[in-house]
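Listed below, chain by chain, are the residues.
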Amino acid sequence: MAEVLVLVDHVDGQVKKVTTELLTAARRIGEPAAVWVGDGAESGRAALAEYGAEKVYVATAELNDHVVAPKAELLAKLAQDKGAAAILVSATAENKEIAGRTAVKLGSGVLTDVVDVNADVVAEHSIFGGATITHARVRTGVPIVAVRPNSVPAEAASGAAAEEAVSVEVSDAAKTARVVERVNEEQGERPELTEAAIVVSGGRGVGSDDFSVVEDLADSLGAAVGASRAAVDSGWYPNQFQVGQTGKTVSPNLYVALGISGAIQHRAGMQTAKNIVAVNKDPEAPIFELADYGVVGDLHKVAPQLTEEIKKRK
Amino acid sequence: MNIVVLVKQVPDTATERKLNADDKTLDRAASDGVINELDEYAIEEALQLKEKHGGEVTILTMGPDQATDSIRKALSMGADKAVFVNDDALHGSDSLQTAYALAQALGTIEYDVVVLGSESTDARTGVVGAALAEYLGLPQLTFARKVDVDGSTIRIQRQTDYGYDVVEAQLPAVVSVVEKINEPRYPSFKLIMQAKKKPVDKKSAADAGIDTARVGLANATTETVDFDAAPPRAAGTVVKDEGDGGAKIADFLVEKKFV
Ligand SMILES: Cc1cc2nc3c(=O)[nH]c(=O)nc-3n(C[C@H](O)[C@H](O)[C@@H](O)COP(=O)(O)OP(=O)(O)OC[C@H]3O[C@@H](n4cnc5c(N)ncnc54)[C@H](O)[C@@H]3O)c2cc1C
Ligand SMILES: Cc1cc2nc3c(=O)[nH]c(=O)nc-3n(C[C@H](O)[C@H](O)[C@H](O)COP(=O)(O)OP(=O)(O)OC[C@H]3O[C@@H](n4cnc5c(N)ncnc54)[C@H](O)[C@@H]3O)c2cc1C
C-alpha cells in the first residue's frame, strides 16, 4: 500500500488533535506516514502510533528558520522518494501555503479547507459560507489536501510509528525569507481557536470591552473564545480572535454565539460547526436560523446563569 | 520603489453566490463584483509605501470583462496605472494556475514589491501568495500585519497562531497582507475623476507571456466533480428566556454530552 504523508502539527512535542484526525483520514487512502519537523518527535511518537502512523519521518528544526519554502522542499522530496499516494495537511494558514508550494514543485494540485476526503482522494468542500457542498479531486500528480480541524472524527488504530531521520539539503532559493524573531502574544490557557472542540464567541451585543461574560462561559466549558467583527472593530477583543470571512474559520463540535446577529460574513467562519447555540435578544436575528438551540434573551442574564449551571453539573 | 498590487474581483458576499451548472465554475454574472476586501488593504499598503519611498503603484488584475469596474475603483484609491489580463483561455483557472499566470504577467512589469491579499472571499484558498513566490523564486513575506522597507531590506510581522514572526528579506519580494495592517482610504472625488484617465493596459494571455496550454479549466490541476446546495440544518429549538434560559441551555448541553 502506498504511503500517505501527513504533516504533523505539534507544540513542544505534543501532537495536536487535528493530526490524529488526518492520520484517520490517511488510513482510508493508504499507509499513513507522519512527517515531523523540529524537536520532540520522541515524545510525540506514541500518539502517532495510536492513530495508525506506520512511519515517522523526522526533519530538523532548522527547516523552521525560513518561511514555508524549506518545508515544501521536504514534502516534495519525501513524496518523490517514497512514491506517496497523497499528502494531507491541516488547513491552517501556513500549512495551506506549504501545500501550495509543494504542489508547484510536484506539478500537482491542491484542495484547501476540505471537510472530508474519501479513499479515492475525492474531497468535500463547504463553500459560500456553508450554502453549497462541492466534491473535487486533483487531476495531476500527487494530490495535496488541506483538511479543516474537527472535520474527520479521529479513530484509534495502532501503527508501528517507525522513526526515520530525513536530511534535506535546503536550497538557497528556499532561504530568502528569514525568520529573525518569534513573538508570543498573550494566549492564556485557552485552547487554540481553530482547533478547539468548543468555541464561545461574543458580538456587538456584549456591549463593551469587558468580555468576561464570554470568557467565563468559555472557561467553564474548556472552550476557546472568538469574536465577531463588530466586537473586534470596536476594539473590545483582539483581531486574531475574529471568526468569519476575514477572520478564522472554525469547525468545532459546539459553537456558542452570544449577541451575534449571524451576518453571512460571520457564518462563513462557523457554519460547519456541528452544534450551534445562540443567545440574542432579537427573535428575528438570522443566527437563530442556524441554531440547534437558541434563547431569546439578554446575554448578560442568560450566559452567567449558564456558566453557573455548567459548574454545578460538572 | 515600484509596487504591483494584485487585485481580484469577487462576487459581493452580501449577494447570493452560485456555481455554473455546466462547467461548475463560479457564476460571476449571478452577483455584483467587488474588489476582494483584503486587496483594498493591499492597495492601501502599497500607497503608503509609495508615500514613504516614492515610485509607482500598478494594479494587476486577471479576470473577466466586468473586472474593469474593480480596476477603476483601485485606481481611484490612488494607484497610478493598471495591467488587466483578460482572456477567455484563463476561465476556470485554479489557484496554482492563477499564480502561474500572475507570475508570467509580472514578468512584463518592473517592480520591487508585489503586494496581494492573504485570502480571497470567494475561493478562499490562501494559496496564491505562496505559490507566486515559488514561481517567481522570490522571498515569501506573507500574512503581513506590518511592513517596513529600509534600503533594499524588507521586514514584516507575519501573523501566526501564537502572535507573530519577524521576517526579513532582500527586495524584490512578495508580500501578502492581513486586515490588521491598516485602514484602507476612501477614494476622493478628485481621485475618482483622475482615475478615469489613468492608463489600463489590457493584455491577452499571449501578451502577458502565459502559455495557454497551462491555464484554464481544461488544464486545471483540480476538478470539481459535483456540487449541490447544502442540506438545510434540521430546525432547532428557540425559546424565550423566562429567567431560566441559562439552565435550559445547560440541559441541552448535558443532553449533547458537552457537560
Ligand atoms: C468556491 C471555490 C473553491 C475553490 N477551491 C479551490 C481549491 O480547493 N483548489 C484550487 O486550486 N482552486 C480552487 N478554486 C479556484 C481558484 O482558487 C480561484 O478561483 C483562483 O483564481 C484564485 O484562488 P483564490 O482566490 O483562492 O486565491 P487566494 O490565495 O485566496 O487569494 C490571495 C490573493 O491573490 C490575489 N489574486 C487571486 N486571484 C487573482 C486574480 N485573478 N487577479 C489578481 N489577483 C488575484 C489577490 O490579491 C488575493 O487577495 C476554487 C474556486 C472557487 C470559486
Ligand atoms: C467584506 C466583509 C467581510 C466581513 N468579515 C467578517 C468576519 O470575518 N467576521 C464577522 O463577524 N463579521 C464580518 N463582517 C461583518 C458582518 O457583516 C457583520 O457586520 C458582523 O458580523 C456583525 O457583528 P455582530 O453580529 O456582533 O453585530 P450586530 O450585527 O450588530 O449584532 C449584534 C446582535 O446582538 C444582539 N444583542 C444586542 N444586545 C444584546 C444583549 N444584551 N443580549 C443578547 N443579544 C444582544 C442584537 O440583537 C444583534 O442581533 C464582514 C463584512 C464585510 C462587508
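Read on for a plain summary of the structure. (Residues numbered from 1 in each chain as written. Chains lettered and ligands numbered in written order. Predicted model: local features only at pLDDT ≥ 70, side-chain atom pairs only at ≥ 80, totals over all residues. Heavy atoms only, no water.)

Bringing the interface of chain B and chain A into the picture now. Every contact between the two is made by 80 residues of chain B and, on the other side, 83 residues of chain A. Together chain B and chain A conceal approximately 6,900 Å² of surface at their shared face, both sides included; 53% is due to carbon and sulfur atoms. Interface area lost by chain B to chain A is led by Arg-124, Glu-134 and Arg-233 of chain B, which between them contribute 11%. Linking chain B with chain A are 13 salt bridges, by the criterion used here. With a closest N to O distance of 3.4 Å, Arg-229 of chain A and Glu-179 of chain B form a salt bridge. On inspection of chain B and its partner chain A, the count reaches 44 residue pairs in polar contact (both at pLDDT 80 or more). No other element matches helix α6 (residues 245-255) of chain B, which puts 10 residues into the side of chain B that touches chain A. The residue inventory of the side of chain B that touches chain A, partitioned by class, reads 37 nonpolar, 18 polar and 25 charged. Two elements, strand β12 (residues 178-184) of chain A and strand β9 (residues 163-170) of chain B, share 6 bridges in a ladder whose sense is antiparallel. From the neighbouring strand, Arg-182 of chain A faces β9 of chain B, where its bridge partner is Asp-165 of chain B. (Contact = heavy atoms within 4.5 Å. Buried area = accessible area lost by both parts, 1.4 Å probe. Salt bridge = Lys/Arg side-chain N within 4 Å of Asp/Glu carboxyl O. Polar contact = N/O pair within 3.5 Å; in protein donor to acceptor, adjacent residues only side chain to side chain. Helix = DSSP H or I, 4+ residues; strand = E, 2+ residues; numbered from the N terminus. Nonpolar A, V, L, I, M, F, W, Y, C, P; charged D, E, K, R; others polar. Pairing = 2+ DSSP bridges.)

The next subject is the site of ligand 2. Around ligand 2, a shell composed of 25 residues is seen, among which Arg-204, Ser-228, Ser-261, Gln-265 and Asn-280 of chain A lie nearest. Flanking ligand 2 are residues from chains A and B. Side-chain polar atom of Arg-204 of chain A to an oxygen atom of ligand 2: 2.5 Å apart, as the coordinates give it. For ligand 2, an oxygen atom lies 2.7 Å from a polar atom in the side chain of Gln-265 of chain A. Taken by itself ligand 2 offers 980 Å² of open surface, and the protein chains cover 79% of this. Those elements that provide at least two residues to the shell around ligand 2 are α6 (229-233) and α7 (264-267) of chain A. (Near = heavy atom within 4 Å. Areas by Shrake-Rupley, 256 points an atom, 1.4 Å probe, with all protein chains shown as cover.)

What follows deals with a nonpolar patch on the surface. Taken together, Phe-189, Ile-192 and Met-193 of chain B make up a surface patch of nonpolar side chains, about 300 Å² in accessible area. By relative accessible area, which is 63% here, Phe-189 of chain B ends up exposed. (Patch = residues over 30% accessible without salt bridge, like charges linked within 9 Å, V, L, I, M, F, W, Y side chains within 5 Å. Buried < 20%, exposed > 50% of the residue type's maximum accessible area, 1.4 Å probe, protein only.)

Turning our attention to the environment of Lys-73 of chain B. All names here are of chain B. If you trace the backbone, Lys-73 turns up in helix α2 (residues 68-76). For Lys-73, a relative accessible area of 33% translates into the label partly exposed. Those residues in contact with Lys-73 that lie beyond four places of it in its chain are Ile-35, Glu-40 and Pro-187. A polar atom in the side chain of Lys-73 sits 3.2 Å from the side chain of Glu-40.

What follows deals with the packing of helix α3 (residues 95-106) of chain B against helix α4 (residues 128-136) of chain B. Packed helices, taken two at a time, are described by their axes: the angle between them and the distance between them. Residues and elements named next belong to chain B. Taken N-terminus to C-terminus, the directions of α3 and α4 make an angle of 50°; their axes are 8 Å apart at the nearest point. Classed by the angle they form, the pair α3 and α4 counts as oblique. α4 is crossed by α3, and the crossing has right-handed handedness. Residues Ser-95, Leu-96, Thr-98, Ala-99, Tyr-100, Leu-102, Ala-103 and Leu-106 of α3 lie in contact with α4, whose contacting residues are Val-128, Ala-131, Leu-132, Tyr-135 and Leu-136. (Axes fitted to C-alpha atoms, helices over the stretch in contact; angles between N-to-C directions. Parallel < 35°, antiparallel > 145°, perpendicular 65-115°, else oblique. Left-handed = near helix turned anticlockwise from the far one by under 90°.)

Let's shift gears to the packing of aromatic side chains. All names here are of chain B. Within this structure, the stated rule accounts for 4 aromatic pairs over all chains. Consider the rings of Tyr-100 and Tyr-135, whose centres lie 6.0 Å apart with planes at 65°: the pair is edge-to-face. Of this pair, Tyr-100 sits in helix α3 while Tyr-135 sits in helix α4, placing them 35 residues apart in sequence. Residue class for Tyr-100 comes out buried when judged on its relative accessible area of 5%. (Phe/Tyr/Trp six-rings, centres within 6.5 Å; stacked < 30°, edge-to-face > 60°.)

Attention now goes to empty space enclosed by the protein. Unoccupied space between atoms shows up once a probe the size of one water molecule is rolled over them. Here the structure, examined in full by the defined rule, presents 2 cavities of 30 Å³ or more. Taken together, Val-67, Ala-69, Arg-101, Ala-173, Ala-174, Lys-175, Thr-176 and Ala-177 of chain A together with Leu-138, Pro-139 and Gln-140 of chain B form the lining of the largest cavity. Partitioned by chemical class, the residues of the lining of the largest cavity number 7 nonpolar, 2 polar and 2 charged. A volume near 30 Å³ is recorded for the second largest cavity. (1 Å grid on protein atoms, 1.4 Å probe; cavity = no way out; pocket = protein on both sides within 12 Å on 5 of 7 lines; lining within 4 Å. Points joined across faces, edges and corners; volume = space filled by probe spheres on them.)

Summed over all chains, the structure comprises 41 salt bridges over all chains. The partner of Arg-185 of chain B in a salt bridge is Glu-44 of chain B, with the nearest N and O atoms 2.8 Å apart. With Arg-185 of chain B in the loop between β10 (173-177) and α5 (189-195) and Glu-44 of chain B in helix α1 (residues 37-53), the pair connects residues that are 141 residues apart, well separated along the chain. Under the relative-accessibility criterion, Arg-185 of chain B is labelled partly exposed at 28%. Close ionic contact of Arg-155 of chain B with Glu-168 of chain B constitutes a salt bridge, the shortest N to O distance being 2.6 Å. On the criterion of sequence distance, the pair formed by Arg-155 of chain B in strand β8 (residues 153-159) and Glu-168 of chain B in strand β9 is long-range, its members being 13 residues apart. On the accessibility criterion, Glu-168 of chain B (17% relative accessible area) is buried. One salt-bridge network, in which partners are shared between bridges, spans Lys-96, Asp-113 and Arg-148 of chain A together with Glu-119 and Arg-124 of chain B.

Residues in contact with ligand 1 amount to 30 residues; listed here are only the nearest, Lys-8, Asp-39, Ser-95, Ser-120 and Thr-125 of chain B. Side-chain polar atom of His-125 of chain A to an oxygen atom of ligand 1: 3.4 Å apart, as the coordinates give it. A distance of 2.9 Å separates an oxygen atom of ligand 1 from a polar backbone atom of Val-128 of chain B. Within the complex, the protein chains bury 92% of what would otherwise be the 930 Å² of accessible surface of ligand 1. Where the shell around ligand 1 is concerned, the elements lending two or more residues are β7 (110-117) and β8 (123-127) of chain A together with β4 (57-62), α3 and β6 (113-117) of chain B. Class assignment for the residues of the shell around ligand 1 results in 12 nonpolar, 12 polar and 6 charged.

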